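Chain by chain, the residues run as shown.
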Amino acid sequence: MYNNSKIAKAVRVAMMFGAGAAAAISAPAFSAEDESAESVERIEVTGSRIKRADMEGANPVQVITRQDLVASGITNMGDILREIPSVAGAATNTAINNGGSGAIRVSLRGLGSPRTLVLLNGRRMVASGTGANSSVDLSTIPTAIVKRVEVLKDGASAIYGSDAIGGVVNIITRDDFEGFEFNAGYDIGTEERDGETKNIDLTIGFSSDKGNAVVNAYYVQQGAQWSGDRDWSKFDYGMEDDGSLTPGGSSAPPWGRYNGVNSANSDNLTQHAKDADGNLRYKLDDNGDPILTSPVLELPTGTCNSFTHGAANGPGQSDPSNPANAAGYDCWDWDKDTYNFAPANYHLTPQERYGIYASGSYEITDTVRVFTELSFNRRTSKTKLAPLPLAPLAFFGWGDATYSADNYYNQQFGPKDSNGDTVDIADWRRRMVETGGRDSQFRVETVRAMIGMDGEFDNGWGWEASYIFGRNDSATQGAGGVNFEKVSAAVGPSFMDDLGNVVCGTEAAPIAGCVSLNTFGTPGTDGEISQEMMDYMLFEAHDVGSNEQQIMSASIFGDAFELPAGTVGFAAGIEHREEKGADFPDALIALGITSGSSRTSTVGSYDVDEVFLETNVPLLSGVVGAEVLEVDLAVRYSDYNTFGDTTNHKIGVRWVPFDGLMVRGTSSTAFRAPSTSDLFAGSSDNSPEVIDPCNTNPTAFCIADGVPAAGFEPIGDQLSSTRGGSQDLQPEEADILTAGIVYSPDFVEGLSLTLDYWNIEITSAISTLGEQLILDSCAATGEHCDKIIRFGADSTLYGNSIDIDDRTTNVGGVESSGYDFNIRYSTDLEGGTITYNVDTTYYDTYDITQANGDVIENAGYFYRNSGDGNFPEWKTNADVRYTSDDWSAAWSVRYIGEVDEPFDGDFRTIDAQIINDARFSYFMDNMTATVGLNNIFDEDPPYADTGFNDNTDPRTYNTSGRHVYVTLGLAF
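Throughout what follows, the structure given in this document is the object of discussion. (Residues numbered from 1 in each chain as written. Predicted model: local features only at pLDDT ≥ 70, side-chain atom pairs only at ≥ 80, totals over all residues. Heavy atoms only, no water.)

## A short note on the overall build of the chain
The cut-off we apply is this: The secondary structure listing takes helices from DSSP runs of H or I that are at least 4 residues long and strands from runs of E that are at least 2 residues long, numbered from the N terminus. Burial classes follow relative accessibility: with a 1.4 Å probe on protein chains only, a residue under 20% of its type's maximum area counts as buried, one over 50% as exposed, and anything between as partly exposed. Areas reported as accessible are Shrake-Rupley estimates using a 1.4 Å probe. Residue values count occlusion only from the protein chains shown.
Check the secondary structure of the chain and you find 12 helices and 51 strands. Looking at the chain residue by residue over its 972 residues, the buried ones come to 57%. Total accessible area on the chain is roughly 38400 Å²; 52% of this is exposed by carbon and sulfur atoms.

If you want it as structure tokens, here you go:
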């Protein structure tokens, strides 16, 4: 049987340095020349199913050790993985409030989390999240169970099947632990004392001559941070041409904005009535409500002409220093005094996680063993957005919510035309601060069970068979949204009955149960939106979703035969896998009558049967110019019930011309099969930031598509689109090449240098055409105009896009290439060892080929192609550590290079970010104590004009500020 109680010297060398607080370092090549092959345990290394003595093969593998996971103070696998230089793009984390759910995903090579395969002990995990997901949520994997993490930065479809295009993250658990261990940690922001994180875990391990068992339980609680508590995120900033930042905000303020009044005499009135000279005038009564003034109200010099309902310098004004406000009047500047929604948003989303993990093995006979893994994880997390901007027509495309001139509250408090008459208001905007905000709560539970047997045949070959069941269930609760059908009735005609009650409808046809809406009052006063009004309009969404996975597999492996240079290793196997996914939105969400993003149900499944072969062939050994020359060959055949079959191969070469130098390379094909979401996703709403070129100087194609010849005033830079799955999808295909050298010179003991090149070319990418491409193509050539639905001539928004059909398809491709550099030097000093590490990735290209053949160069850019993410050319982690018998100290630096982003028709540069971390650990007989300081100099993230969350990119940059943490560990 294979003994897992020890790690060979070669493996110990590879893993003696890993991640650090913010720097994960690739392990260099090594050889076990000072140990015989018989004394080194054979293990299975990520990227191969053949057990071997050398951990370093033809594949570039990076190792993160348990020591570094614990000492870093990071309580989430995803957080430490997203800091390695080979990660880029737009994967999610807990700093994503708008658009996040508390899930953490990783994107190797910037190719996206669906193209990064996550394994647990070399086996697949169920996709996880809110339902019908395409990748693993790394928050479901507790750091407490992790022995090490191996990151394969190479394609591996020939070994593992679908999804392994960008690379593989293989999490190895502590299945050989013996004894008792307890860990506790505490982390908090130093400036605002927020983002407080607490964690505890307990691990117990038993062993005997026949087997072992390990049980772990853990609990993690992460507190919130608010956007309003940081200077760089407390406003929605816009950048001027001179580089200065101007506070901005929403045009739907708590004090109301009313435009586009449907009246022949209104002359496009706002909420302000006009005096005889055509100037806008309101006077506030004792309740703060506006009344028409006649004659003209005399205003002090220096004040403005317009009034709102709020107090002077009222809540939410984005520029309280506006001189127009100085006289104490309730002024409204349409360009400056917008509602500041930023402080009402989470910056770091809170969550709570707990779970249990157990593994065990038992030798039934001398040659047969049974083994198992069981886990349960529960996460509850929250997001919080600013209160809803109640503006059905302007923002949500809901065309039947005009504030009626026959509405009682409009008659009493609404704007009047020049004759003093109440008017219909087509475009009215009111921030519903009375609701407290839009709160979403996610509960995600993941269970996984694996049971298997392995053993040896009489000829020394090994075999293994296993069954895996994984299921992920979620429930999402969303509050703070409205039912538009009820809003439409609430702003329609209403009257006061004989009992003094305001009733919806007309006296001849009252609407039972309806509560008429008054948005003209001021929040915090008696005239605010009442609880009764909110109870009628608001609704609480309840969504459920799931993912399910079943895998049956069997394999054999061993030494096939001897060659002059060594033994030929061989592995082969079969696998059957079934994947299911579902997402059931709230019924009102599915109907599309709410302020929430509408989507319909997703339900679907697929299965695949696979066969794989792998061999390792030594060609030369111990000769001049070739201490080692070996070839790895692998092939995998996959047959899907959705699209058919595909065959993928891999060839790897490892050449050691002399001790201290290794040359390696691989050439492979890879694929990503369409996920349940890709195939079966129901229709869903999206709100991309795009520009419709048809709005000014429309082409003949625009006019033919329903645009007025004079153009139109756009709603804004966020338009509505529809996305969804397609069962006609084919798999993505990729050609992958890697080449590298590892040099450990004899004349500098302890020094190793590594250089690896990668090139990944993806074709038939599973993506969408993109809303901007659809709009541009329609204007330029007339192509894709059929995917745009526009408002008609009878609408005040004539010509604007109502919806853009941007459903998933196979389109274009991606090419990603670059270099990984690693320098490591370690030397003994008196009393200890000092180690220096530098790990760098240079992104040479990241080119996206669109449907029309255009190529978008993303390397060195952020948000150049909407949604693809951040691709700095240079990313570096550097670390220095001193370790003695009693203590260790480390200083880490993480560098994220500058990038360019679209700005005002050109590009501007987003500054680089440099984060410094430090930690100190003290070792006692049975206890280890660590104190650390992350982001020592409290470096703010750089400003990104296209940043959707908090004026920056929290997917890439450190945004939580300076944190101090303490961890304590007891072991017996």
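That covers the picture; the talk isn't over yet.
## A look at the environment of E464
Which entries qualify depends on this criterion: Contacts are assigned to residue pairs with any non-hydrogen atoms lying within 4.5 Å of each other.
As for its position among the elements, E464 is in strand β25 (residues 462–482). Exposure remark for E464: the relative accessible area of 22% places this residue in the partly exposed category. Counting along the chain gives 95 residues from E464 to R369, while the straight-line C-alpha distance between them is 9.4 Å. With sequence-adjacent residues up to four places away left out, E464 is seen in contact with R123, F371, M453, D454, S553, A554, S555 and F557.

## Thoughts on the pairing of strand β7 (residues 167–173)
We count it as follows: One bridge is not enough; two strands pair if DSSP finds at least two bridges between them.
When you tally the buried positions in β7, you get seven out of seven residues, the bulk of the element. Burial along β7 is two-sided: G167, V169, I171 and T173 facing one way and V168, N170 and I172 facing the other are all buried. When strand β4 (residues 116–120) meets β7, the two strands line up parallel, connected through five bridges. Counted as the bridge partner of V118 is V169 from β7.

## Considering the pattern of salt bridges
Definition in use: What makes a salt bridge here is a side-chain nitrogen of Lys or Arg within 4 Å of a carboxyl oxygen of Asp or Glu, nothing more.
In the structure shown here, the tally under the stated rule is 43 salt bridges. Between D583 and R599 there is a salt bridge, with its nearest N and O atoms 2.8 Å apart. Note that D583 is positioned in strand β29 (residues 566–584) and R599 in the loop between α9 (587–591) and β30 (602–623), a separation of 16 residues in sequence. Since its relative accessible area comes to 11%, D583 is described here as buried. Connected via shared salt-bridge partners are R115, R672, D678 and E732.

## Regarding the state of the cysteines
A covalent bond bridging the sulfur atoms of two cysteines is what the word disulfide describes. Where we set the bar: In what follows, a disulfide is any cysteine sulfur pair within 2.5 Å.
Scanning the model with the defined rule gives three disulfides in all. The disulfide partner of C504 is C514, and the S-S distance across this bridge is 2.1 Å. Disulfide C504-C514: torsion about the S-S bond near -65°, hence left-handed. Separated by 10 residues along the polypeptide, C504 in strand β27 (residues 502–504) and C514 in the loop between β27 and α8 (531–537) bring together distant segments of the chain. Residue classification places C504 among the buried positions, given a relative accessible area of 0%. Given a relative accessible area of 10%, C514 falls into the buried group. Here C694 engages in a disulfide with C702; their sulfurs sit 2.0 Å apart. For the disulfide bridge between C694 and C702, the dihedral angle about the S-S bond is near -75°, and by the sign convention the bridge is left-handed. Side by side, C694 and C702 carry an identical accessibility label, which is buried.

## What about the sheet that holds strand β3 (residues 61–65)?
Taken together, the five strands give an open sheet; going across it, the order is β3-β6-β7-β4-β5, and neighbouring strands pair in mixed fashion. At either margin of the open sheet sits one strand with a lone partner, and together these are β3 and β5 (123–124).

## Here we look at a negative patch on the surface
Rule in force here: Each patch groups residues whose relative accessible area exceeds 30% and which form no salt bridge, using 9 Å between like charges and 5 Å between nonpolar side chains of Val, Leu, Ile, Met, Phe, Trp and Tyr. In this charge count, Lys and Arg are treated as positive and Asp and Glu as negative; neither His nor the chain ends contribute. Lys charges are placed at NZ, Arg charges at CZ, Asp charges at CG and Glu charges at CD.
Taken together, E240, D241, D242, D904 and D906 make up a surface patch of like negative charges. Among the secondary structure elements, D241 is positioned in the loop between β12 (236–239) and β13 (245–248). D241 sits in the exposed class, given a relative accessible area of 68%.

## Overview of the packing of aromatic side chains
For the record, the criterion: Classification of ring pairs rests on two measures: the distance between centres of Phe, Tyr or Trp rings, Trp counted by its six-membered ring, which must be within 6.5 Å, and the angle between planes, read as stacked under 30 degrees, edge-to-face over 60 and tilted in between.
Overall, the coordinates contain 21 aromatic pairs when judged by the stated rule. Here the aromatic rings of W226 and Y346 are separated by 4.8 Å at their centres, their planes lie at 50°, and the arrangement is tilted. Here Y346 lies in strand β19 (residues 346–348) and W226 lies in strand β11 (residues 225–226), a separation of 120 residues in the sequence. Judged by relative accessible area, which is 31%, W226 ranks as partly exposed. Since its relative accessible area comes to 12%, Y346 is described here as buried. Both rings, one in Y757 and one in Y819, keep their centres 5.1 Å apart while their planes meet at 50°; by these two values the pair is tilted.

## What to know about the sheet that holds strand β35 (residues 721–723)
Inclusion rule: Convention adopted: a line fitted to C-alpha atoms gives each axis, helices being fitted over their contacting stretch, and angles between N-to-C directions are expressed from 0 to 180 degrees.
Read from one edge to the other, the open sheet built from four strands follows the order β34-β35-β40-β39, with strand pairing classed as mixed. In this open sheet, the two strands that pair with only one neighbour each are β34 (684–686) and β39 (788–790). Within this sheet the neighbouring strands show an average axis-to-axis angle of 25°, counted without direction. With three bridges connecting them, β39 and strand β40 (residues 801–805) associate as antiparallel partners. Within the sheet, the bridge partner assigned to R790 lies in β40 and is S801.

## Overview of a nonpolar patch on the surface
On the surface, I741, L755, Y819, F821, W874, Y895 and I914 cluster together into a nonpolar patch covering about 570 Å² of accessible area. Relative to the helices and strands, Y819 is located in strand β42 (residues 813–829).

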